[in-house]
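# Descriptive structure summary
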Protein chains: 2
Amino acid sequence: MKLVSSLASPFARKIRIAAIELGLFDRIDFVSPVKTIPTTENEDYARNINPLRKIPALILDDGTVIIDSYVIAEYLDELAGGKLIPASGLTKWRARTDHSILQGMLDALLLCRYEKLLRPGQFFWAEWADDQFKRAWDGLARYEAHPDVLTRPLDLVQISLVCVLGYLEFRFPDCGWRKTFPKLDAFHERMMQRDSVRTTLPPPA
Amino acid sequence: MKLVSSLASPFARKIRIAAIELGLFDRIDFVSPVKTIPTTENEDYARNINPLRKIPALILDDGTVIIDSYVIAEYLDELAGGKLIPASGLTKWRARTDHSILQGMLDALLLCRYEKLLRPGQFFWAEWADDQFKRAWDGLARYEAHPDVLTRPLDLVQISLVCVLGYLEFRFPDCGWRKTFPKLDAFHERMMQRDSVRTTLPPPA
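Computed from a prediction, not measured in an experiment: that's the story for all the values here.

Glancing now at the overall build of chain A. Looking only at helices and strands, chain A has 10 helices and 4 strands in total. Secondary structure elements of chain A, listed N to C terminal, follow the sequence β-α-β-α-β-β-α-α-α-α-α-α-α-α. By the compact-globule yardstick of 17 Å for 205 residues, chain A fits well, its C-alpha radius of gyration being 17 Å. The principal-axis extents of the C-alpha atoms in chain A amount to approximately 45 × 45 × 30 Å. Within the span of chain A, comprising 205 residues, buried residues form 56% of the whole. Surface accessibility of chain A: about 8,600 Å² in total, with carbon and sulfur atoms responsible for 54%.

Written out as structure tokens, the structure is:
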């Protein structure tokens, strides 16, 4: 199978970490990134892979395309026997809720970044950028207040969270999350001891 | 259980249609909408329900919160015995991929609408609005080209698709989707024969 991805995408990083932890990394071809920047056309990708023009996309050997990173992670986890996601009961729905929230936090950070860097300066709306950033920040507060998520055995929620924190380090290095959220800082340090987390850090900005 | 929602939200409409079709509608209290407009604060909702400040959110009787509409729909479907989502195999992953794409199409339409109506006019960036709208439009082309999705027995993908089309009718009434996508038009007409689809139409704009 092939994963269309890029080294800078936090959504793709989540899949790469999960693939390593699940022992599936060698079964995936990581194919060169495509342009997925908003306002940049990519007709071929939109028509054949994903009309949303987002990455990652997983392409199975029979040509089936799996989208988005949430679904891809669950697909890989099932393929590996279900190691990273609870299979049933309330824990399953809580984990999927957390996964959705963390996905939304990354979406909000991306919208904040697009507002600041992609959009022409004369069209910048500070309230919008601040509002999107605050969604991610309020999400961090949620996990700082629920340290049980941070200390249990490795799961997809933790992998998603470390990708949010890594993206903050990468794109918002001065936001001060480590000081405001010391439990998340300690969690990040622990997670960085894993090869899967360390080797998938985004390239220097 | 309670669903925090609003009558105008296409994401909440998906849950209401699914709940009716699954025979679960009477087990859900639909609670008054909260303000979830970007740049509008809602500290209480952000802290206690969803840091992303989005709806819908499902609150179970024990207080567990389930987010987002994707996950809520899967929760209700499991509760009802799995009528709307394939349980296994490639059809499961294709259905979840379609669900993600349709969710992303709604996200893009909302971003387009926020750009045009929420953002102060002097900060309007036409290329952004057009780009977001095109994602949804390219998504419609995908389903027009795969009419098998439109004619199979009722499932969550069709419910999601009818919510996208209903949202276009509601918020982008002059976009011309019916002419460009005649198979989707016929699909929408067929779906409108269902009580669940007809009775959940958004209120007049």
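Chain B puts 52 residues into the contact, and the matching count from chain A is 52 residues. Together, the buried faces of chain B and chain A total about 4,500 Å²; carbon and sulfur atoms form 59% of this surface. The three residues of chain B that bury the most area against chain A are Trp-93, Trp-125 and Arg-135 of chain B, which together make up 17% of that side's buried surface. Where chain B meets chain A, there are 12 salt bridges. Taken together, the connections running from chain B to chain A amount to 21 residue pairs in polar contact (both at pLDDT 80 or more). Looking at the side of chain B that touches chain A, the elements that each hand over two or more residues are helix H2 (43-48), strand E4 (65-66), helix H3 (69-79), helix H4 (89-118) and helix H5 (126-144) of chain B. When residues in the side of chain B that touches chain A are grouped by element, the largest group, 14 residues, is from H4 of chain B. Of the residues belonging to the side of chain B that touches chain A, the class tally is 24 nonpolar, 9 polar and 19 charged.

Right, let's get into the relation of the copies chain B and chain A. You can overlay chain B on chain A at an RMSD of 0.0 Å; the transform is a turn of 180° with a shift of 0.0 Å along its axis. A rotation of that kind, with that shift, is consistent with a two-fold axis. Rotation axis and chain B: the residue whose C-alpha lies nearest the axis is Phe-123 of chain B, separated from it by 2.0 Å. Interface residue correspondence from chain B to chain A reaches 100%, placing this contact among same-surface, isologous pairings.

What follows covers the sheet that holds strand E3 (residues 57-59) of chain B. Residue and element names in this part refer to chain B. The sheet built from 4 strands is open, its strands ordered E2-E1-E3-E4 with mixed pairing. The two strands at the open ends of the sheet, each matched to only one other strand, are strand E2 (29-31) and E4. Where strand E1 (residues 2-4) and E3 come together, 3 bridges link them in antiparallel fashion. Counted as the bridge partner of Val-4 is Ala-57 from E3.

Attention shifts here to the domain arrangement of chain A. Accessible area lost upon the coming together of the parts is a frequently used measure of interface size. All names here are of chain A. The domain boundaries assigned to chain A delineate domain 1 (2-79) and domain 2 (89-194). Every contact between the two is made by 16 residues of domain 1 and, on the other side, 20 residues of domain 2. Both sides together, the interface formed by domain 1 and domain 2 hides about 1,600 Å², and carbon and sulfur atoms give 66% of it. There are 2 salt bridges connecting domain 1 and domain 2. Between Glu-21 and Arg-194 there is a salt bridge; the shortest N-O distance is 3.2 Å. On the surface where domain 1 and domain 2 come into contact, there are 7 residue pairs in polar contact (both at pLDDT 80 or more).

Before going further, it helps to examine the side chain of Thr-64 of chain B. By the secondary structure assignment, Thr-64 of chain B is in the loop between E3 and E4. A relative accessible area of 6% means that Thr-64 of chain B is categorised as buried. Ignoring anything within four residues of it in the chain, the contact list for Thr-64 of chain B reads Leu-90 and Arg-94 of chain A together with Leu-58 and Ile-59 of chain B.

Right, let's talk about the environment of Glu-74 of chain A for a bit. Mapped onto the elements, Glu-74 of chain A comes out in helix H3 (residues 69-79). Through-space distance from the C-alpha of Glu-74 of chain A to that of Ile-85 of chain A is 7.5 Å; in sequence the pair is 11 residues apart. When near neighbours in sequence (up to four residues on either side) are disregarded, Glu-74 of chain A contacts Ile-85 and Arg-96 of chain A together with Trp-93 and Arg-96 of chain B.

Let us now look at the side chain of Arg-53 of chain A. Relative to the helices and strands, Arg-53 of chain A resides in the loop between helix H2 (43-48) and strand E3 (57-59). For Arg-53 of chain A, the residues in contact, after removing those within four places along its chain, are Thr-36, Thr-40, Asn-42, Tyr-45 and Ala-46 of chain A together with Asp-131, Lys-134 and Arg-135 of chain B.

We now examine helix H5 (residues 126-144) of chain A. Look at H5 of chain A: 26 Å from first C-alpha to last across 19 residues, which is about the 27 Å you get at 1.5 Å a residue. Within H5 of chain A the residues assigned to the buried category are Trp-128, Ala-129, Asp-131, Gln-132, Phe-133, Arg-135, Ala-136, Asp-138, Gly-139, Leu-140, Tyr-143 and Glu-144 of chain A.

The biggest cluster of nonpolar side chains holds 133 residues, and the ones touching the most others in it are Leu-76 and Leu-140 of chain A together with Leu-76 and Leu-140 of chain B. With near-sequence residues (within four places) excluded, Leu-140 of chain B lies in contact with Met-105, Leu-161, Val-164, Leu-165, Leu-168, Trp-177, Phe-181 and Leu-184 of chain B. Formed by 6 residues, the second largest nonpolar core is a distinct cluster that contains Leu-111, Trp-125 and Trp-128 of chain A together with Trp-125 of chain B.

The rules we used
Residues numbered from 1 in each chain as written. Chains lettered and ligands numbered in written order. Predicted model: local features only at pLDDT ≥ 70, side-chain atom pairs only at ≥ 80, totals over all residues. Heavy atoms only, no water. Helix = DSSP H or I, 4+ residues; strand = E, 2+ residues; numbered from the N terminus. Rg over C-alpha atoms; globule rule 2.2 N^0.38 Å. Buried < 20%, exposed > 50% of the residue type's maximum accessible area, 1.4 Å probe, protein only. Areas by Shrake-Rupley, 256 points an atom, 1.4 Å probe, with all protein chains shown as cover. Contact = heavy atoms within 4.5 Å. Buried area = accessible area lost by both parts, 1.4 Å probe. Salt bridge = Lys/Arg side-chain N within 4 Å of Asp/Glu carboxyl O. Polar contact = N/O pair within 3.5 Å; in protein donor to acceptor, adjacent residues only side chain to side chain. Nonpolar A, V, L, I, M, F, W, Y, C, P; charged D, E, K, R; others polar. Least-squares fit on C-alpha atoms with pLDDT ≥ 70 in both. Pairing = 2+ DSSP bridges. Domains from an automatic or database assignment. Expected span 1.5 Å × (residues − 1). Core = buried A, V, L, I, M, F, W, Y, C linked by side-chain atoms within 4.5 Å.

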